[in-house]
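# A look at the structure
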Amino acid sequence: MAVLQSIVFLFLMVSLASTHSQSTQFQNYPAKEPTRRNSRRLSRPLIGHDGKVYTCSEKDLLAFESNGSIAWTMHLNYTCNSDMPPVHGGRRNMYLVADNRVIKINLLNNGTSEPAAEVLLSAEPTKDGQGGIVGLAVSTMSSSVFVNIKNRGLFAYMTRGQLLWSAGPVIDLFGYRQGCRKNSADCFFNSVPVIDECEASIYISNTGGELYSLSIRHPHFKWIQDLSSYDKVFTITPGNNGRLYVTVPVKALLLALDVSSGNVLWEGSIGPLSTADYAPVVDSNGWISIGSLDGFLYSFSPTGVLKKFSRTAVTDSVIQVSPTLDCTGFAIYISQTEMEGKISRTVGEYTYVSAMKPKSVLLTLYVPATGSIYWSESYPGQFSSFMSQSDLCHFILDERILLAFVAASKTGNPLACRSTRQKLMSSCSQVRPKLVSIYTGNERAILWFLLFESAIMVVLAGLVRFCCIFWSKKKLKGENLGSFLEKRRSLRLKKKAFDRTITELEQKAAVEAMANEEVLEKLGNLLQKREGIERKLSTTYSLGRDGGSSRSKTLLPLYDGKTRSYYLQGGKKESIAVFHTLSDTSTSIESSSGGGEAGWTSCEDKGKAPLEEEESSSDGGFFTREYKKSPSEPTSSSRRLVNPLLGEKEWTGKKLHYEDEVDSEPKIMIGSRSLSLKRRRALSSTN
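Described in the following lines is the structure provided in the data block. Computed from a predicted structure; not experimentally measured.

## Re the sheet that holds strand S26 (residues 297–300)
Judged by pairing direction, the sheet is antiparallel, and its four strands sit side by side in the order S24-S25-S26-S27 without closing on themselves. Among the strands making up the open sheet, the edge pair consists of strand S24 (281–282) and strand S27 (306–309). Relative to S27, S26 runs antiparallel, the two sharing four bridges. Among the inter-strand pairings, Tyr-298 is bridged to a residue of S27, identified as Lys-308.

## Here's the deal with the nonpolar core
Phe-64 and Tyr-333 are the most contacted members of the largest nonpolar core, which totals 24 residues. Where this core is concerned, the elements lending two or more residues are strand S4 (60–64), strand S33 (357–367), strand S34 (372–379) and helix H3 (399–408). Ranked by residue count, the leading element in this core is H3, at eight residues. Ala-167, Ile-204, Ile-216 and Phe-221 belong to the second-largest nonpolar core, a separate cluster that totals 18 residues.

## With respect to the side chain of Glu-399
In this fold, Glu-399 is placed in helix H3. At 8.0 Å, Arg-400 is the nearest oppositely charged side chain to Glu-399, a buried residue that forms no salt bridge.

## Topic: the pattern of salt bridges
With the rule as written, the count across this model stands at ten salt bridges. In this structure, Asp-50 and Lys-52 form a salt bridge, with 3.8 Å as the shortest nitrogen-oxygen distance. The partly exposed category is assigned to Asp-50, whose relative accessible area is 45%. Note that Lys-182 and Asp-226 form a salt bridge whose closest N and O atoms lie 3.6 Å from each other. Here Lys-182, found in the loop between strand S15 (176–178) and strand S16 (194–196), pairs with Asp-226, found in strand S19 (residues 221–226); they are 44 residues apart in sequence, far enough to count as distant. For Lys-182, a relative accessible area of 66% gives the class exposed.

## Considering the state of the cysteines
Taken as a whole and assessed by the stated rule, the structure comprises three disulfides. With its sulfur 1.9 Å from that of its partner, Cys-180 forms a disulfide with Cys-187. Disulfide Cys-180-Cys-187: torsion about the S-S bond near -70°, hence left-handed. Across this residue pair, the class does not change: Cys-180 and Cys-187 are buried. Residue Cys-198 pairs covalently with Cys-428 via a disulfide, S to S 1.6 Å. Negative torsions about the S-S bond denote left-handed disulfides, and the value of about -80° found for Cys-198 with Cys-428 makes this one left-handed.

## Regarding a nonpolar patch on the surface
On the surface, a nonpolar cluster with roughly 600 Å² of combined accessible area is contributed by Phe-452, Ile-456, Met-457, Val-459, Leu-460 and Leu-463. According to the relative accessible area criterion, Ile-456 is partly exposed, its value standing at 38%.

## Comments concerning helix H4 (residues 420–428)
Within the span of H4, buried status applies to Leu-424, Ser-426 and Ser-427. Seen end-on, H4 carries its buried residues on one side only, within an arc spanning 160°. More than 90 degrees from the buried face of H4, the exposed residues found are Arg-421 and Met-425.

## With respect to the pairing of strand S21 (residues 243–248)
Within S21, five of the six residues are buried, leaving the element largely enclosed by the surrounding structure. Relative to S21, strand S20 (residues 235–238) runs antiparallel, the two sharing four bridges. Each residue of the ladder has a partner; that of Pro-238, found in S21, is Leu-244. What sits between the antiparallel neighbours S20 and S21 is a turn of four residues, in which Asn-240 has the positive phi angle 55°. Between S21 and strand S22 (residues 253–258), which pair antiparallel and follow one another directly, the connecting turn spans four residues, one of which, Ala-252, has a positive phi of 55°.

## Things to note about the environment of Val-367
Of note, Val-367 is situated in strand S33. It is 9.0 Å that separates the C-alpha atoms of Val-367 and Tyr-333, two residues lying 34 residues apart in sequence. Setting aside its immediate chain neighbours within four residues, Val-367 contacts Phe-330, Ala-331, Ser-372 and Tyr-374.

## So, the environment of Ser-66
Within the fold, Ser-66 resides in the loop between S4 and strand S5 (70–75). Given a relative accessible area of 25%, Ser-66 falls into the partly exposed group. Setting aside anything within four residues of it in sequence, one finds Ser-66 in contact with Gly-51, Phe-405, Ala-408 and Ser-409.

## Describing unusual backbone geometry
Although it is not a glycine, Glu-58 sits at a positive phi angle of roughly 60°. For Glu-58, a relative accessible area of 55% corresponds to the exposed category. The phi dihedral of Ala-200 falls on the positive side, at around 55°, and the residue is not glycine. With respect to the helices and strands, the residue Ala-200 is situated in the loop between S16 and strand S17 (201–205).

## Some remarks on the sheet that holds strand S7 (residues 93–98)
The strand order across the open sheet built from four strands is S6-S7-S8-S9, with neighbouring strands paired in antiparallel fashion. For this open sheet the edge positions go to strand S6 (87–88) and strand S9 (117–122), each flanked by a neighbour on one side alone. Of the pairings in the sheet, the one linking S7 to strand S8 (residues 101–106) comprises six bridges and is antiparallel in character. Considered in S8, the bridge of Tyr-95 is made with Lys-104.

## Description of the packing of aromatic side chains
Aromatic ring pairs are reported here in terms of the distance separating the ring centres and the angle at which the planes meet. The full count for this structure, using the stated rule, is twelve aromatic pairs. Among the aromatic side chains, those forming a connected cluster through ring pairs are Phe-64, Phe-395 and Phe-405. The ring centre of Phe-296 lies 4.3 Å from the NZ or CZ of Lys-308, which sits over that ring.

## Observations regarding H3
The buried fraction of H3 amounts to nine of the ten residues, a majority that puts the element mostly inside the structure. Residues of H3 that are buried: Glu-399, Ile-401, Leu-402, Leu-403, Ala-404, Phe-405, Val-406, Ala-407 and Ala-408. Positive backbone phi, approximately 60°, marks Lys-410, located one or two places after H3.

## Notes on the environment of Ser-310
By the element assignment, Ser-310 lies in the loop between S27 and strand S28 (317–318). The class of Ser-310 is partly exposed, set by a relative accessible area of 24%. Considering only alpha carbons, one finds Ser-310 and Asp-294, 16 residues apart in sequence, at a separation of 9.8 Å. With near-sequence residues (within four places) excluded, Ser-310 lies in contact with Gly-295, Phe-296 and Gln-336. Of the polar contacts made by the side chain of Ser-310, one reaches the backbone oxygen of Gly-295; its length is 3.4 Å. Here Thr-312 takes part through its backbone oxygen, which lies 2.7 Å from a polar atom of the side chain of Ser-310.

Thresholds, definitions, all that
- Residues numbered from 1 in each chain as written.
- Predicted model: local features only at pLDDT ≥ 70, side-chain atom pairs only at ≥ 80, totals over all residues.
- Heavy atoms only, no water.
- Pairing = 2+ DSSP bridges.
- Helix = DSSP H or I, 4+ residues; strand = E, 2+ residues; numbered from the N terminus.
- Core = buried A, V, L, I, M, F, W, Y, C linked by side-chain atoms within 4.5 Å.
- Buried < 20%, exposed > 50% of the residue type's maximum accessible area, 1.4 Å probe, protein only.
- Lys, Arg positive; Asp, Glu negative; His and termini not counted.
- Salt bridge = Lys/Arg side-chain N within 4 Å of Asp/Glu carboxyl O.
- Disulfide = S-S within 2.5 Å.
- Patch = residues over 30% accessible without salt bridge, like charges linked within 9 Å, V, L, I, M, F, W, Y side chains within 5 Å.
- Areas by Shrake-Rupley, 256 points an atom, 1.4 Å probe, with all protein chains shown as cover.
- Arc of directions from axis to C-beta.
- Contact = heavy atoms within 4.5 Å.
- Phe/Tyr/Trp six-rings, centres within 6.5 Å; stacked < 30°, edge-to-face > 60°.
- Lys NZ or Arg CZ within 6 Å of the ring centre and 35° of its normal.
- Polar contact = N/O pair within 3.5 Å; in protein donor to acceptor, adjacent residues only side chain to side chain.

This is how it looks when you write it as structure tokens:
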């Protein structure tokens with residue numbers, strides 16, 4: 001009954017100031033003077049990692065068990081700030097603000113001879129309130145403490161007390177002023193700094209309605225977003241999921257910002273808010289939830305999808321304190337207070353709510369992402385039975401204290417609790433990296449540009465190659481490029497002229513079916529001159545693309561892979577036989593006029609010493625020709641030719657004739673240009 005009287009004492013009268021620039025707010029008026037038994041108030045609580053509830057009462061730091069009993073009390077020499085809850089500093093440290101001092105609490109030294117409380121920072125405010133501590137934040141990942149001092153700036157300290165850096169609301173960078181662009185005379189940081197552990201960023205606002213993003217490790221601004229078009233007073237809530245949420249109580253708006261740029265992604269309208277406590281809470285699913293005086297809980301997904309929840313009739317209930325996250329991170333505890341004489345009134349774009357007195361409080365464990373309800377109970381009720389017998393009966397209770405003890409005791413929670421690190425990893429995993437496109441615009445135009453760029457690169461590569469080849473010639477270092485190209489052009493023209501002449505002579509010899517001595521000599525001279533020109537073009541006057549070869553090919557080409565016999569007869573009754581093999585061996589020419597015996601042996605036949613040697617310019621090698629006279633052999637006897645590739649062949653008759661194994665019909669084929677013909681006269685013989 002005493003607990004119920006305390007709640008009734010807290011919510012007897014709710015009223016609202018209805019000015020155009022002021023938002024909806026609740027003010028509590030006591031129905032009677034509080035007794036000495038329950039006259040002490042508790043500051044905003046903190047649920048520790050060990051399941052205890054930490055809160056201050058005047059100059060005492062109290063640690064409560066989840067059942068409401070006091071675990072221990074630590075006396076401080078300074079009065080705690082009731083609007084600033086203690087802040088986690090790890091498993092063994094805690095920080096709080098008392099009399100404009102930041103006090104560090106070492107939980108392991110509590111109850112020992114070592115001092116458990118030490119002053120980390122002391123700020124002496126002036127008479128007009130300048131220099132007071134506005135807010136405190138601690139980053140356990142970087143072991144840093146961030147303090148906002150009014151009209152002085154943001155200060156970053158190590159957990160041992162060393163100053164890391166400081167930053168003001170105005171920074172001049174490259175002659176450009178950043179921050180407080182509209183008014184720099186009376187502009188300073190006026191909000192509690194909040195930390196996004198996933199982004200390693202700090203967010204803070206100034207009196208001009210500008211929102212800042214800073215890095216934890218240095219005081220440089222990442223971005224500054226001007227939100228003064230909404231209002232100059234707002235609350236910042238980090239989502240740890242790539243989102244930053246800003247609550248504007250005057251216009252009842254919730255803004256979702258991109259943490260990398262500060263741009264507004266979406267905005268959602270909510271019901272009227274209480275100025276006493278309207279900070280939203282973000283769960284591990286990325287849903288942000290905030291209570292309204294219209295009795296609804298507004299929950300938004302990371303993409304802006306809205307869900308409204310109310311367990312009781314909204315016409316008679318209000319939600320005037322922030323929800324509390326449970327130990328799993330997925331569900332939240334909310335409190336809906338049933339009011340008597342609730343009246344709502346809308347003037348313009350603002351909604352005003354007033355009420356007479358509270359009747360009861362409904363506590364609910366709710367999952368915004370799925371809409372599931374795990375537990376719900378009215379207060380007073382079963383939950384209040386053991387609370388009334390605990391040490392909490394010596395203090396004035398409100399909804400924030402009730403929600404903290406319900407969450408610490410894990411009442412109605414069927415899920416397993418998770419550590420702070422696990423909950424943070426679950427939230428950070430929702431961040432999706434953005435793929436930055438290098439090219440923007442028309443895709444067709446970009447494709448044509450890339451093709452043009454590739455063509456330019458090919459042309460430049462060809463020019464570079466030409467220059468490298470040209471200047472690498474030693475003979476061209478001191479000469480003119482024009483004379484070099486002119487000489488090279490002249491040689492190429494001479495080579496073409498020789499080619500035409502050689503072709504004409506070959507065709508003439510093929511048509512007449514005979515070749516005299518003058519034609520053969522002229523053909524040989526032309527071939528030698530052409531080879532000299534080709535040699536110059538491939539060496540001295542080469543640009544790296546002349547594929548000349550010094551190896552000459554056979555004058556008589558192969559047809560269908562068969563070896564042919566060719567027969568030529570000069571005007572002086574000289575018989576000339578030209579031989580060609582399958583392996584493109586050398587061609588030999590013999591002329592004789594009768595007596596005398598001619599024998600052909602290969603150079604590989606080492607048993608015989610040749611009398612004359614002649615070297616062919618073809619690929620097959622050379623042959624050796626022997627002249628022998630045998631007295632026992634007649635003049636018209638057959639002679640034999642020994643070829644290393646075809647074996648032994650016979651010479652018959654007075655005319656030199658090569659018998660083909662495949663086709664014995666004599667043919668005249670002179671088609672190759674790279675063969676140097678050599679002719680030797682044989683001794684004449686009579687018929």
